[in-house]
Amino acid sequence: MYKINDNYLKLQGSYLFSTIGKKVAEYSLANPEKSIIRLGIGDVTQPLAPAIIEALHSAVDEMGKAETFRGYAPELGYEFLRNAIAKNDYEDRGADIQADEIFVSDGAKSDSGNIQEIFSLDNRVAVCDPVYPVYLDANVMAGRTGEFNKGTERFDNVVYMPCREENGFVPELPKEPADLIYLCFPNNPTGSAITKAQLQEWVDYANRTGAVIIYDAAYEAYISEAEVPHTIFECEGARTCAIELKSFSKNAGFTGTRLGYTVIPKDLKCGGVSLHSLWARRHGTKYNGAPYIIQKAGEAVYSEAGKRQLKEQVAYYMNNAKIIKEGLKETGYTVYGGVNAPYIWLKTPDKTTSWEFFDYLLERANVVGTPGSGFGPSGEGYFRLTAFGSYENTVAAMERIKKL
Ligand SMILES: Cc1ncc(COP(=O)(O)O)c(C=O)c1O
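Being a predicted model, the structure only gives us computed values, none of them experimental.

Thoughts on the domain arrangement of the protein chain
Link 1 in the chain: Assigned domains within the protein chain: domain 1 (11-47 + 306-403) and domain 2 (53-304).
Link 2 in the chain: Tallying the contact residues gives 32 residues for domain 1 and 38 residues for domain 2.
Link 3 in the chain: Secondary-structure elements contributing two or more residues to the side of domain 1 that touches domain 2 are helix 10 (304-330), strand 13 (335-337) and strand 14 (343-347).
Link 4 in the chain: Considering each element in turn, the side of domain 1 that touches domain 2 owes the most residues, seven residues, to helix 10.
Link 5 in the chain: By residue class, the composition of the side of domain 1 that touches domain 2 is 15 nonpolar, 13 polar and four charged.

Things to note about helix 11 (residues 354-365)
Link 1 in the chain: Look at helix 11: 16 Å from first C-alpha to last across 12 residues, which is about the 16 Å you get at 1.5 Å a residue.
Link 2 in the chain: For helix 11, the complete set of buried residues consists of Ser354, Phe357, Phe358, Leu361, Leu362 and Ala365. Angularly, the buried residues of helix 11 cover 130 degrees about the axis, an arc narrow enough to put them on a single face. With respect to the buried face of helix 11, the exposed residues turned more than 90 degrees away are Glu363 and Arg364.
Link 3 in the chain: At its buried positions, helix 11 is contacted by helix 1 (16-30), strand 15 (367-368), strand 16 (370-371), strand 17 (382-386) and helix 12 (391-403).
Link 4 in the chain: Phi for asparagine 366, located one or two positions after helix 11, is positive at around 55 degrees.

Side note on the site of the ligand
Link 1 in the chain: By nearness alone, 14 residues border the ligand, and Gly107, Lys109, Asn188, Ser247 and Ser249 come closest of all.
Link 2 in the chain: Per element, the largest residue contribution to the shell around the ligand is three residues, and it comes from helix 4 (residues 108-114).

A few points about the nonpolar core
Most often, soluble globular proteins have nonpolar side chains that are buried together.
Link 1 in the chain: Judged by nonpolar contacts, the single largest core of 116 residues is most densely connected at Val127, Ile181, Val203, Ile213 and Ile214.
Link 2 in the chain: Take this core: its biggest share by element is six residues, from helix 10.
Link 3 in the chain: Looking at which domains feed residues into this core, each of domain 1 (11-47 + 306-403) and domain 2 (53-304) supplies at least three.
Link 4 in the chain: With sequence-adjacent residues up to four places away left out, valine 127 is seen in contact with Tyr135, Leu136, Val158, Tyr160, Met161 and Tyr182.

Some words on the sheet that holds strand 13
Link 1 in the chain: Strand order in this open sheet of four strands is 13-14-17-16, and the pairing throughout is antiparallel. Since the sheet does not close on itself, it has two edges, and those belong to strand 13 and strand 16, each with one partner.
Link 2 in the chain: With three bridges connecting them, strand 13 and strand 14 associate as antiparallel partners. Bridge pairing in strand 14 links glycine 337 to isoleucine 344.

A short note on the sheet that holds strand 6 (residues 158-162)
Link 1 in the chain: Here we have seven strands laid out as an open sheet, ordered 2-10-9-8-7-3-6, and mixed in their pairing. Because the sheet does not close on itself, it has two edges, and the strands there are strand 2 (102-105) and strand 6. Strand-to-strand twist in this sheet, taken as the mean axis angle between neighbours without regard to direction, amounts to 20 degrees.
Link 2 in the chain: Against the sheet, helix 6 (residues 196-209) makes contact with strand 7 (180-184), strand 8 (212-216) and strand 9 (242-247), and its axis sits at roughly 150 degrees relative to strand 8, the strand it touches most.

Considerations on the pairing of strand 14
Link 1 in the chain: In terms of burial, strand 14 is a largely internal element, four of the five residues being buried.
Link 2 in the chain: Hairpin connection from strand 13 to strand 14: five residues lie between these consecutive antiparallel strands, with glycine 338 at a positive phi of about 75 degrees.
Link 3 in the chain: Pairing of strand 14 with strand 17 involves five bridges; the strand directions are antiparallel. For lysine 347, the partnering residue across the bridge sits in strand 17 and is tyrosine 382.

Criteria and thresholds
- Residue positions are given per chain, counted from 1 along the sequence in the order it is written.
- Local features in this predicted model are restricted to residues whose pLDDT is 70 or higher, and side-chain atom pairs enter the listing and the counts only when it is 80 or higher, whereas totals over whole chains, interfaces and linings include all residues.
- Those domain boundaries reflect an automatic or database domain assignment.
- Distance between backbone-placed C-beta atoms decides contact: two residues are in contact if it is within 7 Å.
- Under the scheme used here, helices are H or I runs from DSSP no shorter than 4 residues and strands are E runs no shorter than 2 residues, and both carry numbers assigned from the N terminus.
- Each residue gets one label: Ala, Val, Leu, Ile, Met, Phe, Trp, Tyr, Cys and Pro are nonpolar, Asp, Glu, Lys and Arg are charged, and the others, such as Gly, are polar.
- By definition here, a helix of n residues has an expected span of 1.5 Å times n minus one.
- Burial is judged by counting the other C-beta atoms within 10 Å of a residue's own C-beta: 20 or more makes it buried, 12 or fewer makes it exposed, and any count in between marks it as partly exposed, with every C-beta position built from the backbone.
- By construction, the arc corresponds to the directions joining the helix axis to the C-beta atoms.
- Being near a molecule or strand means, for a residue, that its backbone-placed C-beta atom lies within 6 Å of it.
- Only buried residues count toward a nonpolar core: Ala, Val, Leu, Ile, Met, Phe, Trp, Tyr and Cys, linked into one set through C-beta atoms within 7 Å.
- A strand pair is defined by DSSP finding two or more bridges across the two strands.
- Here the axes come from fitting lines to C-alpha atoms, over the contacting stretch only for helices, and the angles between their N-to-C directions go from 0 to 180 degrees.

What follows is the structure, encoded as structure tokens:
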């Protein structure tokens, strides 16, 4: 008789955004005349930039001719894309990463969920609290955690690193042993950023204790302050302790197009075994590469026209962030984020819980956000709004909230 992977039974509830979707659908059904503004899920709304569309069209045409047709992509990704990434995202930032240390993929969600496979189940995972749920759930599914403890609202055998107002939403170094440390900056959900000096402390800690940092830089394009690093490889010593995950979703609107990459430096070794070779083996066995057409679109992100157009797109969303942040402040809310990230993290007023505030905003303003507690127990009492809506919807949502 077969058995299931009963680690899945440890997972809590349904995925946060399914619960929100269900609540919004029920409300819409009962109130069909209400127009709902969604500032909940972190999905982009602006169309792909013209330089990307042009690259897509031309790649589609290539696929229609025998001379230029492409089949399976190279396992690690096309060189034209890996070279563009190495030059623009690393060399130009003074970070030493070579093209053959970059693994092109279909996005950071799958990479952040899959990367744990190359590590032993004995490793202890450390995550920020609140956290992008994928890091934790992927480790629960793999069996690297204990049971969920209803009292503490935490999984046993996981190091939770609270990120709250008191520490500026940047975690302190763990006091208990941790092997796989997930960090995400600029942060989803809190919208906070880490300075290069703070990140250097993490890199030094990891090298000192023999931990590995899995650094998710999906929101790197939104950084506006000079002291915030664009990649962990700006820090000295990161080549021996860090893996970096990047996505084309938020900097270039590829949420529906799908493209990302993972960087594993060849110096990252565990007892002489290169993690790069393990991930290359895993990639080669379980993944057949992002489509040629999409990788061509990714290359266009780094063209002069692409860079210019995407800078404007990021500025468009960050203008929304400013409208939300300033609007909420004027209304008396305590707000964080929105400076180096497209997320605004607000304190729920009058000690309401995150879900109570969700219902209040949905029912009274018809605005959808995300309850902070959905990202972990330290997110209780907070609420996330995203800047990824349209300008018009963002302005309208703020007008509604101000009138409450
Ligand atoms: C922190 C973080 N990492 C990764 C992702 C997923 O990125 P992708 O669309 O490349 O899978 C998201 C998406 O919201 C995210 O917030």
